[in-house]
Protein chains: 2
Amino acid sequence: MTLSIASWNINSVRFRIGIVEQFLAEEAPDVLCLQETKVIDGDFPTAAFKAMGYTHIVVHGQRMHHGVAIVSRVPLVEDNRLDWQANGEARHVGVRLENGLRLENVYVPAGGDIPDRELNPKFGQKLDFLQRMTEWSSGLDYPTLLVGDFNVAPLPEDVWSHKALLDVVSHTPVEVEALARLQAAHDWVDLGRHFHPAPARLHTWWSYRAKEWAASDRGRRLDHMWASPALAANAVAHRVCEPCRSWLKPSDHVPLITEFDL
Amino acid sequence: MTLSIASWNINSVRFRIGIVEQFLAEEAPDVLCLQETKVIDGDFPTAAFKAMGYTHIVVHGQRMHHGVAIVSRVPLVEDNRLDWQANGEARHVGVRLENGLRLENVYVPAGGDIPDRELNPKFGQKLDFLQRMTEWSSGLDYPTLLVGDFNVAPLPEDVWSHKALLDVVSHTPVEVEALARLQAAHDWVDLGRHFHPAPARLHTWWSYRAKEWAASDRGRRLDHMWASPALAANAVAHRVCEPCRSWLKPSDHVPLITEFDL
DNA sequence: GTCGTGGGCG
DNA sequence: CGCCCACGAC
């Protein structure tokens, strides 16, 4: 059987429910992981998803910021909600699928503007978050798919200009090294680059602030899907749905989809 | 020649420019007076009006609240901006048409919630505003059309329930008496009731807070067009465009139109 | 209920 | 740029 899993930082699932429906209608993934839902669990637009066949819904939201959710056409059960900052922010939810696959959906902190632990506490929190994810990751002993907005673009080819972004949060060496440690801790396979090796252009985010985002194309690859080595062997396709960036009232992130043959 | 003049409390002309265009396309009044434009003069959507042939535009706006404007297909010149509160609020603008007709566009203060001068200063300011309009009105000696949101429903038949609203600001006896003095000061002809005498139902405003506004029909006649006696003799029709209340993203007020044969 | 504004955040 | 919220006004 085949299974398709998508991930999308939606930047308010309520405000953008229309393009989420459009995406599900066009791509029909079996499972969709959302980040930055920005909604408390009671206000999650459950009905819209159920009407489209996504009847299995696991939410972990909060007021105002952050929030993650997983909606699915195939059965799944909630497994855990981890708090890698121990501050109560809703940045992770994990589920188990019927075939035993674990799916972990995470929204890594953005990290503020200044790439300095002392001057900018948020930057330190981001690095600490990645370190605690690394420790968690090293203990995993079952096939897992880790997806979400990691807020780090690791490779030079993951940003529009390696040189221009070396001191910009999301692409600084210290973040890239922290992400490398996380990846090594479970031998995670970066499915994006597995299917589209560097130096291929591969971006998942374009700032709202650039009005001519398509023309200037100053993108970054902040969103990722990482698989346990055994699971990666079953991945048959991976793509970034870049056209979604130009839909009406878009998110600044676009969806990723991986197809598995299990 | 005939001349049609409309008046509409639009509750943000920028937010509702779409239905303003729809109204102009359908009714094509020669002149449209707007209240609660909620826009500073520099941000008034001039281009949209000019594109529809309303090339003569006189605005008197401010940040955030209030604001009035007159847009016209026929030539007119700004005549005055009166401040009947002496507090700088943009609640009036007057123009002269080529035929000598004066058109005065006013947005009377709502007056707050409690109908008591002592407990609620805004109520006193509303009564003072009407008193100063009365003094101004008694000195008029040229044919004038006074239009706008008067925020008073004078007759028992001007509200959905005379009894229920006797103590509700907009229909209290003290406001009704103040409006009667204003009317008497120039022998103003109330064109709404001139063409649709009581007890005919005649409402121009329905609260946003009643979701089933059409079914419950708890309206009030807060908007008016008053003519000097000599001018009123030339009025040939007057109507309230009630369907506008059910358009997409409506104002809580609907437009009024009077046609003159001059 | 539905505006505008201003601040937080990304 | 563009979301969420709090506030004040009507």
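Residues numbered from 1 in each chain as written. Chains lettered and ligands numbered in written order. Predicted model: local features only at pLDDT ≥ 70, side-chain atom pairs only at ≥ 80, totals over all residues. Heavy atoms only, no water.

Chain A appears in an unreviewed UniProt entry as Exodeoxyribonuclease III from Sphingomonas donggukensis. Per UniProt, chain A carries the Sequence similarities (unreviewed entry) text "Belongs to the DNA repair enzymes AP/ExoA family." The record held by UniProt for chain A lists under Cofactor (unreviewed entry) the comment "Mg(2+)". (UniProt positions renumbered as here; feature names shortened; annotations may be inferred.)

### Thoughts on the overall build of chain A
Scanning chain A from N- to C-terminus turns up eight helices and 14 strands. Its C-alpha atoms give chain A a radius of gyration of 17 Å, within 12% of the compact-globule value 18 Å for 262 residues. When the backbone C-alpha atoms are referred to their principal axes, chain A occupies close to 45 × 45 × 35 Å. By the burial criterion, 55% of the 262 residues in chain A qualify as buried. About 11100 Å² of surface is accessible on chain A, with carbon and sulfur atoms providing 53% of the total. Looking at chain A, you have 26 positive and 34 negative side-chain charges, and the mean spots of the two groups are 5 Å apart. (Helix = DSSP H or I, 4+ residues; strand = E, 2+ residues; numbered from the N terminus. Rg over C-alpha atoms; globule rule 2.2 N^0.38 Å. Buried < 20%, exposed > 50% of the residue type's maximum accessible area, 1.4 Å probe, protein only. Areas by Shrake-Rupley, 256 points an atom, 1.4 Å probe, with all protein chains shown as cover. Lys, Arg positive; Asp, Glu negative; His and termini not counted. Charge placed at Lys NZ, Arg CZ, Asp CG, Glu CD.)

### Some details on the protein's contact with DNA strand C
Near DNA strand C, the surroundings consist of 13 residues, among which A:R209, B:S12, B:F15, B:R63 and B:Y208 are the closest. Protein-proximal atoms of DNA strand C, defined as those within 4 Å of the protein, fall in sugar or phosphate at a share of 71%. Within the contact set of DNA strand C, a phosphate oxygen lies 3.1 Å away from a side-chain nitrogen or oxygen of A:K122. Between DNA strand C and the protein, one listed contact pairs a phosphate oxygen with a side-chain N or O atom of B:S12 at 2.6 Å. Here the residues of the surface near DNA strand C are counted per class, giving four nonpolar, two polar and seven charged. (Near = heavy atom within 4 Å. Polar contact = N/O pair within 3.5 Å; in protein donor to acceptor, adjacent residues only side chain to side chain. Nonpolar A, V, L, I, M, F, W, Y, C, P; charged D, E, K, R; others polar.)

### Digging into the pattern of salt bridges
Where side chains of opposite charge bring their charged atoms close, a pairing between them can arise. The final tally for this structure, using the stated rule, is 30 salt bridges over all chains. Here A:D190 and A:R221 are joined by a salt bridge, their closest N and O atoms 2.8 Å apart. Remark: A:R221 occurs in the loop between β11 (219–220) and β12 (223–227) and A:D190 occurs in strand β9 (residues 189–190); sequence separation between them is 31 residues. B:R91 is paired through a salt bridge with B:E89; the nearest N and O atoms lie 2.7 Å apart. On the basis of relative accessible area, B:R91 is assigned to the buried category, the value being 6%. Taking relative accessible area as the criterion, B:E89 reaches 21% and is therefore assigned partly exposed. Taken together, the salt bridges that share partners define one network made up of A:D158, A:D190, A:R193 and A:R221. (Salt bridge = Lys/Arg side-chain N within 4 Å of Asp/Glu carboxyl O.)

### What about the protein's contact with DNA strand D?
Within the structure, DNA strand D sits among 15 residues, and A:S12, A:F15, A:R63, A:Y208 and B:R209 are positioned closest to it. Separating a sugar or linking oxygen of DNA strand D from a backbone N or O atom of A:Y208 is a distance of 3.0 Å. The contact in question runs from a base nitrogen of DNA strand D to an N or O atom on the side chain of B:R209, over 2.9 Å.

### A look at helix α3 (residues 121–138) of chain A
All names here are of chain A. Taking 1.5 Å of rise per residue, the 18 residues of α3 would be expected to cover 26 Å, and the 26 Å separating its terminal C-alpha atoms lies within 8% of that figure. Burial in α3 covers these residues: F123, G124, K126, L127, F129, L130, M133, T134, W136 and S137. Against the buried residues of α3 lie β7 (102–107), β8 (144–149) and α5 (173–184). (Expected span 1.5 Å × (residues − 1). Contact = heavy atoms within 4.5 Å.)

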